[in-house]
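The primary structure of each chain is shown beneath.
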Amino acid sequence: MTGTSDHRSPQSYVLNCSTLLTELPVPERARAAADRGFTAVEFWWPFDGDPTPSGTEVDAFVASLDEAGVSLAGLNFWAGDMAQGDRGMVSVLGRQDEFERNVEIVVEIGRRTGCRAFNALYGLRQDGQDEQAQDALAVENLVHAAEAVAVIEGVVLVEPVSGAEGYPLKTAAEALAVVEAARAAGAQNVALLADFYHLAVNGDDVAAVIEAHAASFGHIQIADAPGRGAPGTGALPLQEWIDRSRELGYPGSVALEYKQDTATAFDWLAATAPAADASR
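Residues numbered from 1 in each chain as written. Predicted model: local features only at pLDDT ≥ 70, side-chain atom pairs only at ≥ 80, totals over all residues. Heavy atoms only, no water.

A.B. asks: Teacher, can you tell me more about the pairing of strand E6 (residues 190-195) here?
C.D. replies: Looking along a regular strand, one sees the side chains alternate between the two faces of the sheet. For E6, the buried fraction is high: six of the six residues fall into the buried class. For strand E5 (residues 155-158) and E6, the ladder comprises three bridges, and the chain directions are parallel. Bridging from a neighbouring strand, Leu 157 pairs with Ala 191 of E6. Between the parallel pair E5 and E6, the chain is carried across by helix H5 (residues 172-184), and the sense of this crossover is right-handed. Pairing between E6 and strand E7 (residues 219-222): three bridges, direction parallel. If you follow Leu 193 over to E7, its bridge partner there is His 219. (Buried < 20%, exposed > 50% of the residue type's maximum accessible area, 1.4 Å probe, protein only. Helix = DSSP H or I, 4+ residues; strand = E, 2+ residues; numbered from the N terminus. Pairing = 2+ DSSP bridges. Right-handed = clockwise from strand over helix to strand, strands pointing away.)

A.B. asks: Is there a simple way to think about the sheet that holds strand E3 (residues 71-76) in this case?
C.D. replies: Where strands meet in a sheet, backbone hydrogen bonds hold them as pairs that are either parallel or antiparallel. Pairing in this closed barrel of eight strands is parallel, and the strands run E1-E2-E3-E4-E5-E6-E7-E8 around the ring. The average undirected angle you get between the axes of adjacent strands in this sheet is 30 degrees. By the bridge criterion, three bridges tie E7 to strand E8 (residues 254-256) in an arrangement that is parallel. Its bridge partner lying in E8, Gln 221 is registered against Ala 255. (Axes fitted to C-alpha atoms, helices over the stretch in contact; angles between N-to-C directions.)

A.B. asks: Help me out: how do you make sense of the pairing of strand E2 (residues 40-43) in this one?
C.D. replies: Both faces of E2 are covered, namely the face carrying Ala 40 and Glu 42 and the face carrying Val 41 and Phe 43. Where strand E1 (residues 14-16) lies against E2, two bridges are found, and the strand directions are parallel. Residue pairing across strands places Asn 16 opposite Glu 42, the latter belonging to E2. Pairing between E2 and E3: four bridges, direction parallel.

A.B. asks: Explain the nonpolar core here, please?
C.D. replies: What tends to happen in soluble globular proteins is that the nonpolar side chains get buried as a cluster. Residues Leu 15, Phe 77, Phe 196 and Phe 217 are the most contacted members of the largest nonpolar core, which totals 90 residues. A total of eight residues in this core trace back to one element, the largest contributor, which is helix H4 (residues 131-150). Aside from chain neighbours lying at most four places away, what touches Phe 217 is Leu 192, Ala 194, Phe 196, Val 209, Ile 210, Ser 245 and Tyr 250. (Core = buried A, V, L, I, M, F, W, Y, C linked by side-chain atoms within 4.5 Å. Contact = heavy atoms within 4.5 Å.)

By themselves, these figures tell us nothing about what the structure is for.
Structure follows, in structure tokens:
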């Protein structure tokens, strides 16, 4: 969490602006988050699937954060065309050059914004591609990304994902095996992204994962299940899991990565969003 331990305050969370406030264009979402009381945000790759946006596009994205007065707490590497079903390019043979060029831009954004957490979605199994070759490439790409973000004290995150049959990392154990492979290859700044929603709907034992690994989580994201809505719309003991993670040594942020229309998305938060600051 950020700023405060009040679990009903927007300042206690990072708002994912790629799953929430999606009624608005990307350049307007940081301001909308600030207007609702959030001081930190995260994004998936915000450039319509383009691994190498122009300098003007990057400038506009960074300016939207600066003008809103919010910090960037998390950013995904380019993950392909998410709208068309892609879920990362780390393990996809034939896309390494694009990924490497994307890493350069991610580092630039991190340097300019202070962002230090970078999610590298693994990628789907590809027809006609050997799975062992895909896994070997993934480690190579993760090491490259980790070495690149190390210069700004960044961490590369590896995430189990639900809802994509061809995505091979569905449990914490599967993602942690990749983390360990990257570390064995020389990249120590690689860690698990513990998305409690994805783990739960994939059938993982979230409580057991927390007991075993919370202190080494690189990041936490939450949504309720079923439905992937706001906390309280489903049956997951999200606050219990967050509290236990912190008791066991997790020092980082908790991001809201649920999906819900803006009209009702923040009803569960007790804090009233402050009025927009006309000076911003």
